[in-house]
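Chains, contacts and geometry: an overview
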Amino acid sequence: MDSKVTVAVRCRPLMPREERAGAESVVALEDRRVAVGDPVELAARGASPILGRSFSFDLVLGGDSQSEVHETLGVPLLRHAWRGLNASIFAYGQTGSGKTYSMTGGDGDERGIIPRVCEGLWDAADAHSATHETTVEASYMEVYNERVRDLLVPTGRPLKVREHPTKGACVPELTVVRVRGRNELAELLSVGSDARATAATRGNARSSRSHAVVSLVVSRRRRSGSSSEGITEDGWWSGLDAPGSCTSTIRLVDLAGSERVAVTGTDGARLQEAKAINKSLAALCDVVSALAANSRKKKAFVPYRNSALTWLLKDSLGGNAHAAMLATVSPSDRHFEETVATLKYAFRARRVKCRATVNLVEDLPEEVLPSPPSPAVVVRRSSPRRSPVEMRSTMATL
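The following paragraphs examine the structure supplied in this document. (Residues numbered from 1 in each chain as written. Predicted model: local features only at pLDDT ≥ 70, side-chain atom pairs only at ≥ 80, totals over all residues. Heavy atoms only, no water.)

1. So, helix α3 (residues 66-82)
- Between its terminal C-alpha atoms α3 stretches 22 Å, which fits the 24 Å expected from 17 residues at 1.5 Å a residue.
- Every buried residue belonging to α3 is among Gln66, Val69, His70, Leu73, Gly74, Val75, Leu77, Leu78, Ala81 and Trp82, and all of these are buried.
- Directly after α3, the chain includes glycine 84, whose backbone phi takes a positive value near 90°. (Helix = DSSP H or I, 4+ residues; strand = E, 2+ residues; numbered from the N terminus. Expected span 1.5 Å × (residues − 1). Buried < 20%, exposed > 50% of the residue type's maximum accessible area, 1.4 Å probe, protein only.)

So this is what it looks like as structure tokens:
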């Protein structure tokens, strides 16, 4: 099933500290278009940003709530995954533009795409529990200074990326946990988020210093002899034509923000992190450019192995998966160059084509009775088996 990458742009409002510093908005949103004006020209002519450079996208989000963003991007991802199609969402943008807020968010109504996708997944699993056995295996990793690190059981040592003959790029020693319910999955996400590398810079008080990847492998197997009479149809899965038994992989990627050292004022360890971040994002841009060229029937080499990030996401971008990109931008005139660069990159990503196929599996045999796994069963691990609570306790001592 061929499809193009769905690209959405979200523009956050000016922050209070930017307004106090005299910053002005140079971004205008209209329907599915984003216009950005050069602050020098706007000041000289007194023109509106709508008259500036314009880009068109699949979706444009301005003052939308976290719930509306999830309905726009998270629900389509869930519907693809429930049909047995791999699906992924990437969040891209400069540091401080709202990527992590959009993907992770906070508590209550401020929850981002990742926790809402996890909750929606279990809502569907509960609604289909009478007819299907659903299992979810979760992993959480980061690419820090071009090295892959486990966030569920952080050992401090880098993990190696390997190429599997059928599964593609994988991390054999990465901890994969089979979870039983939404609370356990939420706990694992909290453990991973707390272990992620962050630091304060001039551009962001809590800047992500690594690329984070949440992977969920969802397996649905129909119970032999079951009917659809007991399924609750009041949900995002309503009216969905899904196969009886299938498996899919969901990847939720929160990329570290691109940054200019002169603006963020980084030095020392933060400077080395910024160099690694910009290097991997440049490699990602090269991959997107090559994939966009190939979609126009050119034969460009796709340099997936120029970075650990692009190698890991090889199948999620331009491969066997439906992909969506959320590009976040700042409206401030102080960030004009970064905003234009983000919009150019996002516009180029619209040309990338993906080819997703349904991953079918066999139905459960009639003699097999439902037997949910015990809580937090570690399927693959790089250290002794630990529960989410023990993982959190271990990190508190590091």
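2. Re the pairing of strand β2 (residues 6-11)
- For β2, the buried fraction is high: 5 of the 6 residues fall into the buried class.
- In terms of strand pairing, β2 meets strand β17 (residues 322-329) through 6 bridges, oriented parallel. If you follow valine 9 over to β17, its bridge partner there is alanine 327.
- By the bridge criterion, 3 bridges tie β2 to strand β6 (residues 59-61) in an arrangement that is parallel. Bridge pairing links valine 9 to valine 60 in β6. (Pairing = 2+ DSSP bridges.)

3. Looking at helix α5 (residues 113-127)
- In this model, α5 (15 residues) spans 21 Å end to end at C-alpha, consistent with the 21 Å of a helix rising 1.5 Å per residue.
- Among the residues of α5, Ile113, Ile114, Pro115, Arg116, Val117, Cys118, Gly120, Leu121, Trp122, Ala124, Ala125 and Ala127 are the ones counted as buried.

4. Re unusual backbone geometry
- You will see that aspartate 31, though not glycine, has its phi angle at about 55°, which is positive.
- On the secondary structure map, aspartate 31 appears in the loop between β3 (27-30) and β4 (33-36).
- Under the relative-accessibility criterion, aspartate 31 is labelled exposed at 70%.

5. With respect to the packing of α3 against α5
- It is the contact of α3 with α5, at a shortest axis distance of 9 Å, that shows an interaxial angle of 50°. Relative to α5, the element α3 is oriented oblique. When you trace α3 past α5, the crossing you get is right-handed. Residues Gln66, Ser67, Val69, His70, Leu73, Gly74, Leu77, Leu78 and Trp82 of α3 form the contact with α5, whose participating residues are Ile113, Arg116, Val117, Gly120, Leu121, Ala124 and Ala125. (Axes fitted to C-alpha atoms, helices over the stretch in contact; angles between N-to-C directions. Parallel < 35°, antiparallel > 145°, perpendicular 65-115°, else oblique. Left-handed = near helix turned anticlockwise from the far one by under 90°. Contact = heavy atoms within 4.5 Å.)

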